[in-house]
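Analysis of the macromolecular model
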Amino acid sequence: MDLARTVGSNVHRLRNTAGMSLADLATAGHISKTTLHGIEQGHGNPTLSTLWALATALRVPLGELLETPTPRTDVVRADDQRPRISGDAVSARLLHRIRLHGTVEVYDIDVAQTTQHSTAHLPGVQECLILTHGSITTGPTDAAVTLTAHDSIRFDANHRHQYQGHGQHNRAVLIMLHPDT
């Protein structure tokens with residue numbers, strides 16, 4: 001995605017999340033509705049001052065307008081090449097980066113050989129699961145994936161999602177991320 005379309009998509013998404021109309025954001029950002037509409041459509045090349053004005057009006061860092069949003073679901077397989085660092089005693093592989101201001105809950109879970117459907121959690125809640133043993137199918141119900149030991153997944157939990165074990169012993173670390181409200 002090119003920068004103009006990324007910015008346009010982000011401005012539109014953030015405006016809707018903030019509950020602002022096109023006119024409200026145009027007024028708050030001191031730009032015309034026509035200019036704002038063009039930006040949201042991915043047209044034009046907004047100046048840095050325009051982007052700063054929009055970021056300020058939306059109450060987000062400038063980077064929120066420039067960065068490609070993370071996908072709704074991010075799966076990392078055990079053998080995927082990911083950034084790795086090593087020290088004298090510890091070797092670490094980056095699985096996921098999650099931005100959050102809120103509360104983090106960490107669970108040690110067992111997943112049985114049955115399917116559990118979870119209703120959508122509050123907006124902004126994310127789940128990050130690292131499978132330590134066995135095989136499970138998890139994620140948003142319409143896009144669930146099967147994981148094996150040492151695979152991981154991160155997904156927006158504000159959609160219906162599921163857990164299903166395959167085999168007798170399925171264990172994972174579940175990290176639930178709750179934003180400040």
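The preceding data block contains the structure.
Below is a summary of the structure that appears in this document.

Basis of the calculations
- Residues numbered from 1 in each chain as written.
- Predicted model: local features only at pLDDT ≥ 70, side-chain atom pairs only at ≥ 80, totals over all residues.
- Heavy atoms only, no water.
- Helix = DSSP H or I, 4+ residues; strand = E, 2+ residues; numbered from the N terminus.
- Rg over C-alpha atoms; globule rule 2.2 N^0.38 Å.
- Buried < 20%, exposed > 50% of the residue type's maximum accessible area, 1.4 Å probe, protein only.
- Contact = heavy atoms within 4.5 Å.
- Lys, Arg positive; Asp, Glu negative; His and termini not counted.
- Charge placed at Lys NZ, Arg CZ, Asp CG, Glu CD.
- Pairing = 2+ DSSP bridges.
- Arc of directions from axis to C-beta.
- Axes fitted to C-alpha atoms, helices over the stretch in contact; angles between N-to-C directions.
- Parallel < 35°, antiparallel > 145°, perpendicular 65-115°, else oblique.
- Nonpolar A, V, L, I, M, F, W, Y, C, P; charged D, E, K, R; others polar.
- Core = buried A, V, L, I, M, F, W, Y, C linked by side-chain atoms within 4.5 Å.

**A closer look at the overall build of the chain**
- When you go through the chain residue by residue, the secondary structure sums to 5 helices and 9 strands.
- Listed by position from the N terminus, the elements making up the chain come as α-α-α-α-α-β-β-β-β-β-β-β-β-β.
- Computed over its C-alpha atoms, the radius of gyration of the chain comes to 20 Å, more than 25% above the 16 Å expected for a compact globule of 181 residues.
- Its C-alpha atoms give the chain principal-axis dimensions of roughly 60 × 40 × 30 Å.
- Buried positions account for 33% of the 181 residues belonging to the chain.
- Contacts in the chain between residues at least 24 apart in sequence constitute 69% of all its contacts with a sequence separation of at least 6.
- In the chain, which carries 15 positive and 17 negative side-chain charges, the distance between the mean positions of the two groups comes to 4 Å.

**Topic: the pairing of strand 9 (residues 161–179)**
- Bridge analysis of strand 4 (residues 102–110) against strand 9 gives 9 bridges, and the strand direction is antiparallel. By the bridge assignment for strand 9, Glu105 is matched with Met176.
- Relative to strand 9, strand 5 (residues 115–118) runs antiparallel, the two being bridged by 4 bridges. Residue pairing across strands places Gln116 opposite Tyr163, the latter belonging to strand 9.

**Structural notes on helix 4 (residues 48–58)**
- For helix 4, the complete set of buried residues consists of Thr50, Leu51, Leu54, Ala55, Ala57 and Leu58. One face of helix 4 carries all of its buried residues, which in axial projection span an arc of 165 degrees. Of the exposed residues in helix 4, the ones pointing more than 90 degrees away from its buried face are Leu48, Ser49 and Thr56.
- Those residues of helix 4 hidden inside the fold are in contact with helix 1 (3–17), helix 2 (22–29), helix 3 (33–40) and helix 5 (63–66).
- Positive backbone phi, approximately 60 degrees, marks Arg59, located one or two places after helix 4.

**Looking at the packing of helix 1 against helix 3**
- At a minimum axis separation of 7 Å, helix 1 and helix 3 run at an interaxial angle of 115 degrees. Our classification of the angle between helix 1 and helix 3 gives roughly perpendicular. Contacts from Ala4, Val7, Gly8, Ser9, Val11, His12 and Arg15 of helix 1 reach helix 3 at Leu36, Ile39 and Glu40.
- Counted by class, the contact of helix 1 with helix 3 contains 5 nonpolar, 3 polar and 2 charged residues.

**Here we look at the environment of Leu95**
- With respect to the element layout, Leu95 can be found in the loop between strand 3 (91–93) and strand 4.
- In sequence terms Leu95 and Ile130 are 35 residues apart; their C-alpha atoms lie 9.1 Å from each other.
- For Leu95, the contacting residues outside a window of four places in its chain are Asp74, Val76, Arg82, Ile130 and Ser152.

**Quick look at the environment of Arg160**
- Checked against the element boundaries, Arg160 lands in the loop between strand 8 (152–156) and strand 9.
- The spatial distance from the C-alpha of Arg160 to the C-alpha of Ser118 is 5.8 Å, given a sequence separation of 42 residues.
- The residues touching Arg160, leaving out its near neighbours within four places in the chain, are His117, Ser118, Thr119, Ala120, Pro140 and Thr141.

**Here we look at unusual backbone geometry**
- Backbone geometry places His30, a non-glycine residue, at a positive phi of 60 degrees.
- For His30, the position within the fold is in the loop between helix 2 and helix 3.

**A word on the nonpolar core**
- Ranked by internal contacts, the top residues of the largest apolar core, which has 16 residues, are Val11, Leu25, Leu36, Ile39, Leu54, Leu58 and Leu65.
- Of all the secondary structure elements, the ones that give two or more residues to this core are helix 1, helix 2, helix 3 and helix 4.
- Not counting chain neighbours up to four residues away, the residues in contact with Leu58 comprise Leu14, Arg15, Met20, Leu25 and Leu65.
- Membership of the second largest hydrophobic core comes to 14 residues, among which are Leu147, Phe155, Ala157 and Leu174.

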